[in-house]
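# Examining the three-dimensional arrangement
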Amino acid sequence: MELDEITISRAIVGSQMEKFLEFMEMDVAVVGGGPSGLTASAILSKEGYRVGLIEKKLSVGGGMWGGGMMFPRIVVQEEARRLLDRFGIHSTPYGKGYYVASSVEAVAKLTAAACDAGVEFFTLFSVEDVMIHGDGKLSGLVLNWTPVEMAGLHIDPLTMGCHVAVDATGHDAVLARLVERKGGTVRVKGEGFMWAQRAEGEILSHTREIFPGLVACGMAANAVAGEHRMGPVFGGMLLSGERAAALAGSLLRT
Ligand code: 48F
């Protein structure tokens with residue numbers, strides 16, 4: 001077969017632009033591809049919703065790749081073990097109720113599950129604002145290429161519409177802070193000291209619709225609530241992603 005560079009370029013640009021246009025209006029925009037966002041998007045897409053995952057970095061995985069202090073291992077507690085099993089992530093028991101898994105495998109398997117379920121990934125897309133019109137509900141995202149943001153170039157963004165957005169941006173709680181800064185009803189209290197027991201215990205109650213059309217999950221949910229941080233125990237992230245998917249699904253059905 002004779003290879004033609006122009007065809008290769010056309011294939012890349014054409015197919016990606018097609019997806020970009022297809023996802024200009026989506027059911028759920030999950031912002032942030034860490035463990036909570038990957039879990040939420042995989043579950044929602046499996047349920048048949050059109051889900052786009054917007055990630056500002058080159059790769060998804062967020063804070064999970066690095067495990068604890070660059071040791072590529074994560075710990076998951078008993079309550080979330082079923083999610084390790086659901087996504088086919090191998091784990092080894094460690095003491096009573098703790099399971100250790102490879103952070104690389106965990107990211108790979110969550111990402112694979114999201115791909116298999118039909119999630120469309122928009123990497124190197126950075127959310128810089130949200131759309132809230134007269135009805136007072138979040139209706140879309142304002143985005144730019146991350147390199148544009150990094151270079152400080154003066155280039156206007158584009159927009160993508162969604163029925164529900166999930167703030168899975170981790171410690172920064174980017175969407176929540178944007179809504180807060182522009183006078184929305186959200187207040188981001190900021191996360192507290194490390195206290196794994198409490199932070200993991202409360203994360204599900206903080207995973208909620210924080211503004212009409214905006215669900216917060218993972219560390220973003222804890223940051224909004226002023227909850228503590230938990231370090232490299234990841235059960236709460238998976239459970240929070242699962243809960244965010246359930247909440248987004250019920251918002252889409254009403
Ligand atoms: O930080 P991150 O992994 O969030 P998470 O799912 O999980 C937190 C844990 O990794 C860990 C922890 C739990 O044990 O404390 O930190 O809550 O992933 C957040 C993702 O959001 C992306 C960011 O690059 C990362 O991959 N992100 C942040 N801001 C934006 C964004 C933005 N403006 N636009 C798009 N993506």
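Summarised in this report is the structure supplied together with it. (Residues numbered from 1 in each chain as written. Predicted model: local features only at pLDDT ≥ 70, side-chain atom pairs only at ≥ 80, totals over all residues. Heavy atoms only, no water.)

### Re the pattern of salt bridges
- Inspection of every chain in the model, using the stated rule, returns 7 salt bridges.
- When the shortest N-O distance is used, the salt bridge between E22 and K19 registers 3.5 Å. Of this pair, E22 and K19 are both found in helix α1 (residues 5-22), 3 residues apart, which corresponds to roughly one turn of the helix.
- For K19, a relative accessible area of 29% puts it in the partly exposed group. (Salt bridge = Lys/Arg side-chain N within 4 Å of Asp/Glu carboxyl O. Helix = DSSP H or I, 4+ residues; strand = E, 2+ residues; numbered from the N terminus. Buried < 20%, exposed > 50% of the residue type's maximum accessible area, 1.4 Å probe, protein only.)

### Some words on the site of the ligand
- Within the structure, the ligand sits among 28 residues, and S36, E55, G63, M219 and G231 are positioned closest to it.
- One nitrogen or oxygen atom from the side chain of S36 is found 2.7 Å from an oxygen atom belonging to the ligand.
- Across the complex, the protein chains shield 93% of the 730 Å² of accessible surface that the ligand would expose by itself.
- Ranked by residue count, the leading element in the shell around the ligand is strand β7 (residues 125-132), at 3 residues. (Near = heavy atom within 4 Å. Polar contact = N/O pair within 3.5 Å; in protein donor to acceptor, adjacent residues only side chain to side chain. Areas by Shrake-Rupley, 256 points an atom, 1.4 Å probe, with all protein chains shown as cover.)

### What to know about the sheet that holds strand β5 (residues 98-102)
- Reading across from one edge, β3-β5-β4 is the order of the 3 strands in this open sheet, with antiparallel pairing throughout. Each having just a single partner strand, β3 (73-77) and β4 (92-94) make up the two edges of the open sheet. When the angles between neighbouring strand axes are averaged without regard to direction, this sheet yields 40 degrees.
- Across 3 bridges, the pairing between β4 and β5 is antiparallel. Looking at β5, one finds that T92 is bridged to V100. (Pairing = 2+ DSSP bridges. Axes fitted to C-alpha atoms, helices over the stretch in contact; angles between N-to-C directions.)

### What about unusual backbone geometry?
- At L124, a position not held by glycine, the phi torsion is positive, near 65 degrees.
- The exposure class assigned to L124 is partly exposed, which follows from its relative accessible area of 29%.
- Phi is positive for A173, which is not a glycine, with a value near 45 degrees.
- Residue placement: A173 occurs in the loop between β9 (158-167) and α6 (174-181).

### Thoughts on α6
- Inspection of α6 places L175, A176, L178 and V179 among the buried residues, and these make up the whole buried set. Buried residues along α6 cover an arc of 160 degrees about the axis, so they all sit on one side.
- Among the residues trailing α6, G183 stands out with phi positive, at a value near 95 degrees. (Arc of directions from axis to C-beta.)

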